[in-house]
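# Per-entry structural report
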Amino acid sequence: MIDNKFQSIDFDSPFGQMIEKFKNLDFSKATPPTMDYDLIHRQMQEIEMDPIIPEGYFEKSQEYQQQSLEMLKSINQNIANLYTLVDLISNSNEQQDEVIEIVSEILAIAKAKEQKEAESFLKKVMTKISNSVETTDSMIKLVRWATTIYDMVITMLPK
């Protein structure tokens, strides 16, 4: 059984009367409206618009990327320094306590509140390294680590 959903139009109804008005129109000659795209393009060019990308965006983005790269290099170097430090402590059996004490003093550089104080901590650590560390390899590793910490801290401190 087919359900017929369509109903016939009563031509006495308002809808039927409206359709009756269109009955004699010839749509075969009708053409769709045309658009003057050149005119639209000229009008679009005359409209002043703010740039989509804010001024200085690329410079700031490039600066941020450069800072990120420098930070990653610093992290990479610090991780390498940590491996060196762990190796130094584990291999210096007879001086292990002294090396751990020096490492502690190197980390104390980070407690400095101003650059002169950081310099003072660094000088004290360097003196202790030269007076107490016996092997050149250990001395180089500790000095390198101390200067790395000092360089990181000094950039964050007021003069």
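Description of the structure in this document. (Residues numbered from 1 in each chain as written. Predicted model: local features only at pLDDT ≥ 70, side-chain atom pairs only at ≥ 80, totals over all residues. Heavy atoms only, no water.)

### Some thoughts on the packing of helix 4 (residues 96–108) against helix 6 (residues 136–154)
- At a minimum axis distance of 9 Å, the contact between helix 4 and helix 6 shows a crossing angle of 20°. By the angle between their axes, helix 4 is roughly parallel relative to helix 6. In the crossing of helix 4 with helix 6, the sense of the turn from one axis to the other is right-handed. Of the residues in helix 6, those touching helix 4 at Val99, Ile102, Val103, Ile106 and Leu107 are Leu142, Trp145, Ala146 and Ile149.
- Residue composition of the contact of helix 4 with helix 6, by class: nine nonpolar, no polar and no charged. (Axes fitted to C-alpha atoms, helices over the stretch in contact; angles between N-to-C directions. Helix = DSSP H or I, 4+ residues; strand = E, 2+ residues; numbered from the N terminus. Parallel < 35°, antiparallel > 145°, perpendicular 65-115°, else oblique. Left-handed = near helix turned anticlockwise from the far one by under 90°. Contact = heavy atoms within 4.5 Å. Nonpolar A, V, L, I, M, F, W, Y, C, P; charged D, E, K, R; others polar.)

### Here's the deal with the packing of aromatic side chains
- All told, the structure shown has one aromatic pair when counted by the stated rule.
- Seen from their ring centres, tyrosine 57 and phenylalanine 58 are 5.5 Å apart, and the 75° between their planes marks the pair as edge-to-face.
- With a relative accessible area of 44%, tyrosine 57 lands in the partly exposed category. (Phe/Tyr/Trp six-rings, centres within 6.5 Å; stacked < 30°, edge-to-face > 60°. Buried < 20%, exposed > 50% of the residue type's maximum accessible area, 1.4 Å probe, protein only.)

### A word on empty space enclosed by the protein
- Scanning the entire structure with this criterion turns up one cavity of 30 Å³ or more.
- By volume, the largest cavity is sized at about 50 Å³.
- Lining the largest cavity we find Asn81, Thr84, Leu85, Leu88, Lys141, Leu142, Arg144 and Trp145.
- Mapped onto the lining of the largest cavity, the elements with two or more residues apiece are helix 3 (57–91) and helix 6.
- For the lining of the largest cavity, a count of residues per class yields four nonpolar, two polar and two charged. (1 Å grid on protein atoms, 1.4 Å probe; cavity = no way out; pocket = protein on both sides within 12 Å on 5 of 7 lines; lining within 4 Å. Points joined across faces, edges and corners; volume = space filled by probe spheres on them.)

Nothing here speaks to function; it is all geometry.
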